[in-house]
Amino acid sequence: MTGSLAAAASAAAAHAAAAPAMTTMAAAGVQRAAWLLIAFPLAGAVVLLLGGRRTNRWGHVLGVAMPVAAFVYGVIAFFAMLGYPARQRGRDLHVYSWIAVGAFKVNVGLQLDQLSISFALLITGVGSLIHIYSVGYMASDPERRRFFGYMNLFLAAMLLLVLADNYLLLYAGWEGVGLASYLLIGFWQFKPTAAVAAKKAFIANRVGDAGLSLAIMLMFTTFGTVSFSGVFFHPGSAGSGVLSALGLLLLLGACGKSAQLPLQSWLLDAMEGPTPVSALIHAATMVTAGVYLIVRSAPIFNLSPTARLAVTVVGAATLLFGAIIGCAKDDIKKALAASTMSQIGYMMLAAGLGPAGYVFAIAHLIAHGFFKAGLFLGAGSVMHGMNDEVNMRRYGGLRAVMPVTFVTFTLGYLAIIGIPPFSGFFTKDPIIQAAFSKGGTSGAILGGAALLGAGITAFYMTRVMFMAFGGQRRWDEAAHPHESPPVMTSPMVVLAIGSLCAGGLLIVGNRFVNFLAPLVGSPPPARGLVNPVSIASLAIVLAGAGIAWAMYGRRPVPAVAPAGRFPVVAARKDLYGDAFNESVLMRPGQWLTRLSVYFDNRGVDGLVNTLAATVGGTSGRMRRVQTGFVRSYALSMFVGAALLVGVLLLARI
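Residues numbered from 1 in each chain as written. Predicted model: local features only at pLDDT ≥ 70, side-chain atom pairs only at ≥ 80, totals over all residues. Heavy atoms only, no water.

Quick word on the overall build of the chain
Part 1 of the reasoning: In terms of helices and strands, the chain carries 25 helices and two strands.
Part 2 of the reasoning: With the principal axes as the frame, the chain shows a C-alpha extent of 135 × 90 × 65 Å.
Part 3 of the reasoning: A total accessible area of about 28100 Å² is found for the chain, and carbon and sulfur atoms account for 69% of it.
Part 4 of the reasoning: Taking the average place of the 45 positive charges on the side chains of the chain and the average place of its 22 negative ones, the gap between the two points comes to 6 Å. (Helix = DSSP H or I, 4+ residues; strand = E, 2+ residues; numbered from the N terminus. Areas by Shrake-Rupley, 256 points an atom, 1.4 Å probe, with all protein chains shown as cover. Lys, Arg positive; Asp, Glu negative; His and termini not counted. Charge placed at Lys NZ, Arg CZ, Asp CG, Glu CD.)

See below:
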């Protein structure tokens, strides 16, 4: 009996010991199949874009199912990752050998770690909600199937970008995102404004992409590899000049994708695309790529104070630049686009602070994904009920006829301006604190810019609320505003809940800090939720909202925008961003092109043509000597002999 009990106990112990091993094996198996995250939306894009009209009837169903499947798999992979110790959660997964030319070897490999899974969940989660919303928003569009194909392609390219384990594969996803954004911004290509906006976004991003491509070349010449592990293993082996050059080139690439100064002008025009595209670009995909690139390249920026300073300056300038533009926009989508430019500026500012800000940059990016997607979908819901009208001066009083849209938009508004306990309060205030913590004059300037940006954000977002949902009805008789169908409002409700909860779940208890710390380091201990900076921030936010109420809540909103003075006119013209790019980038490019053409025509072609003309002319003249007549040859022989005899006679004399 005792022996039986001992045997049973031994078997139970063996089973208990085997259970964690089996769990670990299952988790490892889940992570090894991380390529499914990309495969699901990519398969959807292939079927929808190559299947033709045969897929029209059910294409939107497949278009929604693929991102949802990727999100479900991402959740499973996330919990599998949590089963490992904090410093053993990263996995480098080899898929196949891609390029092998001499010393240049690049694999297709995926890196599933805390940073990439955070982005993957945001991309697939928020992306799935936007896809569901699009079923209703694009219901009457005859090209809905193609639209979902492009949207799936967008997600697949962005997932490749954040899951790649080397810079060259990241660059492939980077260019895929650029292609997909071009196709989606110009989806309604019958509109000249949409076609021009798509080309503008594509060309502006090529400028930034040149920086990233040069950085990749410099990495290979310096480190002999472009893999993350190879570059990050010994970044200190490169000189400070090389590291600064790498950081600045990576920043140039980030400025293009994330619409930061001086490559920001494309973002506002990109609103010509369907509203779900705007939500996807601003919340879950394209503009977040630049922040990801900076944080992923943390080992390079940690060793280059010059590059980090440049990132903080760009971020601080852009957050103010976008906020000021947002104050003057009557187009609801462009006002939200300007706010994205500003909020990404906060993230870049945090990323430029190094280990003190990396975590907060990503935390604010995730929280921003919820409330900005909700705000854009809310704007699309308003447009859906207002016959695609985007001018807020023709809105007014919509809270009564669109209650769900009003409530969800309000929650996103409270989150973006940073009212506690909404997400923005938990994720934006730590960035402001980190900026002030830098100390000295630079800390005061950066922190002051971040504080001022918070006040301006409160002003222009409160302005949007009053112009769209408050006051008297200003729409014309042809408009019949109404609430959107459940397929559109349901994702808005989910995103509104995220706007309320996401920030607290990430920041309170240092959950996200501890999660990302093994990759990007830990920031200094926080001062707590109530501190002088948070109090000052809240006061400035309330002041900005109060000024907006005094200007737009207490007074009737005129149907036609007043002329305004210089600051207002400048903001309406995007602070002359297009004029600057035309003067600094486009005009010099034209001059260089003309100079190159002139040099080619007059120099290269001139030299070649001169040589050819000389040879041709000489041969033409010499050809006349060969007449074919014996008498001519005899005469030339006689003349030659006479000359020769004459020379000899003269020589003897």
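Following the structure, the description resumes.
Examining the pattern of salt bridges
Part 1 of the reasoning: Within this structure, the stated rule accounts for 13 salt bridges.
Part 2 of the reasoning: One salt bridge connects Arg296 with Asp113, and the closest N-O pair in it is separated by 2.9 Å. Placement of Arg296 in helix 12 (residues 289-296) and of Asp113 in the loop between strand 2 (104-112) and helix 4 (114-137) is noted, with a sequence separation of 183 residues between them. Judged on exposure class, the residue Arg296 and its partner Asp113 are both buried.
Part 3 of the reasoning: The salt bridge partner of Lys329 is Asp574, with a shortest N-O separation of 2.6 Å. Separated by 245 residues along the polypeptide, Lys329 in the loop between helix 14 (305-326) and helix 15 (332-352) and Asp574 in the loop between helix 23 (566-572) and helix 24 (577-623) bring together distant segments of the chain.
Part 4 of the reasoning: Here the salt bridges do not stand alone but share partners, grouping Glu175, Arg206, Asp209 and Lys257 into one network. (Salt bridge = Lys/Arg side-chain N within 4 Å of Asp/Glu carboxyl O. Buried < 20%, exposed > 50% of the residue type's maximum accessible area, 1.4 Å probe, protein only.)

Topic: empty space enclosed by the protein
Part 1 of the reasoning: In total, this model carries one cavity of 30 Å³ or more according to the counting rule given.
Part 2 of the reasoning: Approximately 30 Å³ is the volume found for the largest cavity.
Part 3 of the reasoning: Along the walls of the largest cavity sit Gln264, Ser265, Leu268, Phe321, Ile325, Asp574, Gly577 and Asp578, which together make up its complete lining.
Part 4 of the reasoning: Broken down by secondary-structure element, the contributors of at least two residues to the lining of the largest cavity are helix 14 and helix 24. (1 Å grid on protein atoms, 1.4 Å probe; cavity = no way out; pocket = protein on both sides within 12 Å on 5 of 7 lines; lining within 4 Å. Points joined across faces, edges and corners; volume = space filled by probe spheres on them.)

Remarks on the layout of surface pockets
Part 1 of the reasoning: Counted as a void, the largest pocket has a volume near 710 Å³.
Part 2 of the reasoning: For the largest pocket, the lining is made up of 24 residues, of which Phe78, Leu121, Ile366, Phe370 and Leu506 are closest to its centre.
Part 3 of the reasoning: Every element with two or more residues in the lining of the largest pocket is listed here: helix 3 (59-82), helix 4, helix 16 (358-385), helix 20 (486-507) and helix 21 (511-520).
Part 4 of the reasoning: Partitioned by chemical class, the residues of the lining of the largest pocket number 20 nonpolar, three polar and one charged. (Nonpolar A, V, L, I, M, F, W, Y, C, P; charged D, E, K, R; others polar.)

Describing a nonpolar patch on the surface
Part 1 of the reasoning: Taken together, Val207, Leu252, Phe580, Val584 and Leu585 make up a surface patch of nonpolar side chains, about 370 Å² in accessible area.
Part 2 of the reasoning: With three residues, helix 24 is the largest single contributor of residues to the nonpolar patch.
Part 3 of the reasoning: Owing to a relative accessible area of 44%, Phe580 belongs among the partly exposed residues under this scheme. (Patch = residues over 30% accessible without salt bridge, like charges linked within 9 Å, V, L, I, M, F, W, Y side chains within 5 Å.)

Describing the packing of aromatic side chains
Part 1 of the reasoning: Under the definition given, this model contains 17 aromatic pairs.
Part 2 of the reasoning: Each ring, one from Phe78 and one from Phe515, has its centre 5.8 Å from the other, and the planes form 65 degrees; the classification is edge-to-face. In this pair, Phe78 is assigned in helix 3 and Phe515 in helix 21, connecting sequence segments 437 residues apart.
Part 3 of the reasoning: Look at Phe515 and you get buried, because its relative accessible area is 9%.
Part 4 of the reasoning: Geometrically, the ring pair formed by Phe147 and Phe148 is edge-to-face, given 5.8 Å between the ring centres and 85 degrees between the ring planes. Across the pair, exposure class does not vary: Phe147 and Phe148 are buried alike.
Part 5 of the reasoning: Within the aromatic cluster, the residues linked to one another by ring pairs are Phe78, Phe79, Phe512 and Phe515.
Part 6 of the reasoning: Over the ring of Phe202 we find Arg206, and its NZ or CZ is 4.2 Å from the ring centre. (Phe/Tyr/Trp six-rings, centres within 6.5 Å; stacked < 30°, edge-to-face > 60°. Lys NZ or Arg CZ within 6 Å of the ring centre and 35° of its normal.)

Details of helix 25 (residues 630-652)
Part 1 of the reasoning: Given a rise of 1.5 Å per residue, 23 residues ought to cover 33 Å, and the 33 Å separating the end C-alpha atoms of helix 25 matches this to within 8%.
Part 2 of the reasoning: Burial of helix 25 is sparse: only zero of the 23 residues sit out of reach of the surface. (Expected span 1.5 Å × (residues − 1).)

Focus: the side chain of His364
Part 1 of the reasoning: In this structure, His364 sits in helix 16.
Part 2 of the reasoning: Those residues in contact with His364 that sit more than four places away from it in its chain are Gln343, Tyr346, Met347, Phe371, Thr427, Lys428 and Ile431. (Contact = heavy atoms within 4.5 Å.)

Some remarks on the environment of Gly236
Part 1 of the reasoning: Tracing the backbone shows Gly236 in the loop between helix 8 (228-233) and helix 9 (240-257).
Part 2 of the reasoning: A relative accessible area of 55% means that Gly236 is categorised as exposed.
Part 3 of the reasoning: Once the C-alpha coordinates of Gly236 and Ala33 are considered, the two residues, 203 residues apart in sequence, prove to be 34 Å apart.

Overview of the packing of helix 14 against helix 15
Part 1 of the reasoning: The N-to-C vectors of helix 14 and helix 15 enclose an angle of 160 degrees; their axes lie 7 Å apart at closest approach. Here helix 15 runs roughly antiparallel to helix 14, going by the angle between their axes. Both helix 14 and helix 15 take part in a crossing whose hand is left-handed. Counting all contacts with helix 14, which are made through Arg308, Val311, Thr312, Gly315, Ala316, Thr318, Leu319, Phe321, Gly322, Ala323, Ile325 and Gly326, the residues of helix 15 involved are Ala335, Ala338, Met341, Ser342, Gly345, Tyr346, Met348, Leu349, Ala351 and Gly352. (Axes fitted to C-alpha atoms, helices over the stretch in contact; angles between N-to-C directions. Parallel < 35°, antiparallel > 145°, perpendicular 65-115°, else oblique. Left-handed = near helix turned anticlockwise from the far one by under 90°.)

Digging into the confidence of the model for the chain
Regions with low pLDDT carry predicted coordinates that are not meant to be interpreted in detail.
Part 1 of the reasoning: In this model, the chain carries an average pLDDT of 91, and 96% of its residues clear a pLDDT of 70 or more.
Part 2 of the reasoning: Under a pLDDT of 50 for its full length, residues 1-22 has, in the predicted model, zero contacts with residues more than four places off or in other chains. (pLDDT = per-residue confidence, 0-100.)

With respect to the packing of helix 11 (residues 275-283) against helix 16
Part 1 of the reasoning: Running from amino to carboxyl end, helix 11 crosses helix 16 at an angle of 165 degrees, the nearest separation of the two axes being 9 Å. Between helix 11 and helix 16, the interaxial angle falls into the category roughly antiparallel. When the axes of helix 11 and helix 16 are compared, the crossing they make is right-handed. Residues Thr275, Ser278, Ala279, His282 and Ala283 of helix 11 pack against His368, Gly369, Lys372, Ala373, Phe376, Leu377, Gly380 and Met383 of helix 16.
Part 2 of the reasoning: Per-class residue counts for the contact of helix 11 with helix 16 are six nonpolar, six polar and one charged.

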